[in-house]
Amino acid sequence: TDAETDFLFVADTLPKKHPQFFNEFSKILNDESIMFSLLPNTKDIWAVDFMPIQIQKDRFIQFTYCPDYLRKYKRWSKTISDVNCICKEIGLSPVKSDIVLDGGNVVREKNKVIMCDKIFVENPGYEKKFLTNELKELFEVDHLFFIPTHPKDMIGHADGMVRFLNDQTVIINNYKNEKKEFKKAFQNALHDAGLDTVEIPYIVDSNKNEIQANGIYLNYLQMRNLIVVPTFGIAEDEEALKIFEQLFPSSAINLVDSNEIAKEGGVLNCISWNIIR
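Quick summary incoming for the structure in this document. (Residues numbered from 1 in each chain as written. Predicted model: local features only at pLDDT ≥ 70, side-chain atom pairs only at ≥ 80, totals over all residues. Heavy atoms only, no water.)

## Examining the sheet that holds strand 13 (residues 226-231)
Spatial ordering of the open sheet is given by 12-13-14, a layout of three strands whose pairing is mixed. Of all strands in the sheet, those bounded by a partner on one side alone are strand 12 (221-223) and strand 14 (252-257). The average undirected angle you get between the axes of adjacent strands in this sheet is 15 degrees. The pairing of strand 12 with strand 13 spans three bridges and is antiparallel. Opposite Met223, over in strand 13, you have Leu226 as the bridge partner. (Pairing = 2+ DSSP bridges. Helix = DSSP H or I, 4+ residues; strand = E, 2+ residues; numbered from the N terminus. Axes fitted to C-alpha atoms, helices over the stretch in contact; angles between N-to-C directions.)

## What about unusual backbone geometry?
The phi dihedral of Asn41 is positive, around 60 degrees, even though this residue is not glycine. Position of Asn41 among the secondary structure elements: in the loop between strand 2 (35-39) and helix 3 (47-50). For Asn41, a relative accessible area of 40% gives the class partly exposed. The phi angle at Asn225 is positive, at roughly 60 degrees, despite the residue not being glycine. (Buried < 20%, exposed > 50% of the residue type's maximum accessible area, 1.4 Å probe, protein only.)

## Observations regarding the pattern of salt bridges
Scanning the model with the defined rule gives eight salt bridges in all. Residue Glu4 is joined to Lys110 by a salt bridge in which the shortest nitrogen-to-oxygen separation is 2.7 Å. Remark: Lys110 occurs in the loop between strand 6 (107-109) and strand 7 (112-116) and Glu4 occurs in the segment before strand 1 (7-11); sequence separation between them is 106 residues. Here Glu4 falls in the partly exposed class, since its relative accessible area comes to 24%. A salt bridge links Lys118 to Asp68, with the shortest nitrogen-to-oxygen separation between them at 2.7 Å. In this pair, Lys118 is assigned in helix 7 (residues 118-121) and Asp68 in helix 4 (residues 68-71), connecting sequence segments 50 residues apart. Asp68 carries the same exposure label as Lys118, and that label is buried. (Salt bridge = Lys/Arg side-chain N within 4 Å of Asp/Glu carboxyl O.)

## Considerations on the sheet that holds strand 15 (residues 273-275)
Across the sheet, which stays open at both edges, the three strands sit in the order 2-1-15 with mixed pairing between neighbours. Each end of this open sheet is capped by a strand with a single partner; those strands are strand 2 and strand 15. Strand-to-strand twist in this sheet, taken as the mean axis angle between neighbours without regard to direction, amounts to 25 degrees. Of the strand pairs in this sheet, strand 1 and strand 2 are connected by five bridges, and their pairing is parallel. What sits directly across from Val10, in strand 2, is Leu38. On the sheet, helix 2 (residues 19-31) packs against strand 1 and strand 2 and is oriented at approximately 145 degrees with respect to strand 2. (Contact = heavy atoms within 4.5 Å.)

## As for the nonpolar core
Of all hydrophobic cores here, the largest spans 57 residues; its most connected members are Phe25, Ile114, Ile147, Leu268 and Ile271. Residue contacts for Leu268: discarding those within four places in its chain leaves Phe21, Phe25, Asn219, Tyr220, Leu221, Val228, Val229, Pro230, Val256, Ser258 and Ile261. Leu39, Ala47, Cys87 and Ile155 belong to the second-largest nonpolar core, a separate cluster that totals 18 residues. (Core = buried A, V, L, I, M, F, W, Y, C linked by side-chain atoms within 4.5 Å.)

## A short note on a negative patch on the surface
On the surface, Glu24, Asp257, Glu260 and Glu264 cluster together to form a negatively charged patch. Among the structural elements, Glu260 can be located in helix 11 (residues 259-262). (Patch = residues over 30% accessible without salt bridge, like charges linked within 9 Å, V, L, I, M, F, W, Y side chains within 5 Å. Areas by Shrake-Rupley, 256 points an atom, 1.4 Å probe, with all protein chains shown as cover. Lys, Arg positive; Asp, Glu negative; His and termini not counted. Charge placed at Lys NZ, Arg CZ, Asp CG, Glu CD.)

## Concerning helix 2
The end-to-end C-alpha distance of helix 2, which contains 13 residues, comes to 18 Å, matching closely the 18 Å that a straight helix rising 1.5 Å per residue would cover. Inspection of helix 2 places Phe21, Phe22, Phe25, Ser26, Ile28 and Leu29 among the buried residues, and these make up the whole buried set. Down the axis, helix 2 shows its buried residues gathered within 150 degrees of arc, on one side only. What points out from helix 2, more than 90 degrees from its buried face, is the exposed set Gln20, Asn23, Lys27, Asn30 and Asp31. (Expected span 1.5 Å × (residues − 1). Arc of directions from axis to C-beta.)

What follows is the structure, given as structure tokens:
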């Protein structure tokens, strides 16, 4: 789980594209004695999406990184990183799967995983029940829950919608301004999964386009004894900080202005590939 991880990789494109943000972010990591390194030969900054998912200390599953929202457009398809090349460079030999899946759509606890139902759209060749069982086997979990993909999210990632606080409780966005049909479907999915919920601010109304992630506090970085919360220079930053301090009393809480990367469509969990070393 995120809370067990102790080493962080970020894409080598991050300091190139966003040097100021990277300097502030890396200072936090250094101050908190978090070991980190750069992934070589990357083509975009969203490391969690294209890198393998760690199941055990020495077992990684490399899903097929070929998302439809990048394949559709020639200029975006050029940003699909060669995961085989990256893994080879860092000495990793993951188990490979032909299932199309971004790491940002995997939210996990010890024996539970939550995903957006977009996984079924991206894998039309798989029968739904078979795909579900295959994923449970690969993740080595007994419980796999699906939530509705946000209607305005063409990417379809769960890590901007829900995160585990513990085995029985998840942190979710306060969707007070969203359509009733989506809110009901989302709440019903979590209720049917037997999960309790805690809400945090979700302030996206002022974003100029739907790809922006400004105002999504849920996409924080969690590692062993560390929480890094994105801030956006708005009044809700203080409210979000207080909630995180209450939820994670034994963790060091750090803040980093994340407007720069959020404009591109993701925040802190999106840029982070954190593992157990």
